[in-house]
Amino acid sequence: QVQLVESGGGLVQPGESLRLSCVASGSIFSLYAMGWYRQSPGKQREVVAVWRQEGSTTYADSVKGRFTISRDGAKNTVYLQMNNLKPEDTAIYYCNADLRRLQWSTRSDFWGQGTQVTVSS
């Protein structure tokens, strides 16, 4: 199996920073992408930032210039550095991995359990 474990969430004031981490463990034959998504009460889950194996990254318009996604390949870990946080960034943040567990497995999505980020004065 594959496990994604997030950490780094918390309560901060507007303008402050947080760094989220997500560690992927288990059987991973090929990792195609890792990303961060978020969901606020009453809203659909939305993409925040995605790192892809070919080296490209994408960001939601609302976080461009403030958030940075990065990956440590040796540790199968993806980070989300969040600067200048705003109240509207408050949400549960979920880690996602697009991968193939074994050589003959189908490509699948895996999700972490989520970590709460609250931005409030």
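Above this text you will find the structure in question.
What counts and what doesn't
Residues numbered from 1 in each chain as written. Predicted model: local features only at pLDDT ≥ 70, side-chain atom pairs only at ≥ 80, totals over all residues. Heavy atoms only, no water. Helix = DSSP H or I, 4+ residues; strand = E, 2+ residues; numbered from the N terminus. Rg over C-alpha atoms; globule rule 2.2 N^0.38 Å. Buried < 20%, exposed > 50% of the residue type's maximum accessible area, 1.4 Å probe, protein only. Contact = heavy atoms within 4.5 Å. Areas by Shrake-Rupley, 256 points an atom, 1.4 Å probe, with all protein chains shown as cover. Salt bridge = Lys/Arg side-chain N within 4 Å of Asp/Glu carboxyl O. Core = buried A, V, L, I, M, F, W, Y, C linked by side-chain atoms within 4.5 Å. Pairing = 2+ DSSP bridges. Axes fitted to C-alpha atoms, helices over the stretch in contact; angles between N-to-C directions.

Visitor: Tell me about the overall build of the chain, and name the residues and values.
Guide: Counting secondary structure elements, the chain contains zero helices and eleven strands. Written out in order from the N terminus, the α and β elements of the chain read β-β-β-β-β-β-β-β-β-β-β. Relative to its length of 121 residues, the chain is compact, with a C-alpha radius of gyration of 14 Å against a globular reference of 14 Å. The principal-axis extent of the C-alpha atoms belonging to the chain is close to 50 × 25 × 25 Å. Expressed as a percentage of its 121 residues, the buried residues of the chain come to 40%. Across the chain, every contact between residues at least 6 apart in sequence was considered, and the portion connecting residues at least 24 apart equals 56%. Carbon and sulfur atoms make up 46% of the accessible area of the chain, which amounts to about 6,500 Å² in all.

Visitor: Pulling in residues and values, what's your account of the pattern of salt bridges?
Guide: Between side chains of opposite charge, pairing is possible as soon as their charged atoms come close. Counted under the stated rule, the structure contains six salt bridges. One salt bridge in this structure joins R38 and E46, with 2.7 Å as the shortest N-O distance. Its relative accessible area of 6% is what places R38 among the buried residues. Look at E46 and you get partly exposed, because its relative accessible area is 37%. We note a salt bridge from D72 to K75, for which the minimum N-O separation is 4.0 Å.

Visitor: Can you tell me about the nonpolar core, naming the residues and giving the values?
Guide: L4, M34, W36, L80, M82 and Y93 are the most contacted members of the largest nonpolar core, which has 29 residues in total. For this core, the secondary structure elements donating two or more residues are β1 (2–7), β3 (18–26), β4 (30–39), β5 (46–52), β7 (67–72), β8 (77–82), β9 (91–100) and β11 (115–119). With five residues, the single largest contributor to this core is β9. Beyond its immediate sequence surroundings of up to four residues, Y93 is in contact with E6, L20, W36, Y37, R38, V48, F67, L80, M82, G114, T115 and V117.

Visitor: How would you summarise the sheet that holds β1 if you had to cite specific residues and measurements?
Guide: The antiparallel open sheet is built from four strands, whose spatial order is β1-β3-β8-β7. Edge positions in the sheet fall to β1 and β7, since each of these pairs with one other strand and no more. For this sheet, the mean angle separating the axes of adjacent strands, direction not counted, is 15°. Looking at chain direction, β1 and β3 are connected through six bridges and run antiparallel. Within β3, the residue paired with S7 across the bridge is S21.

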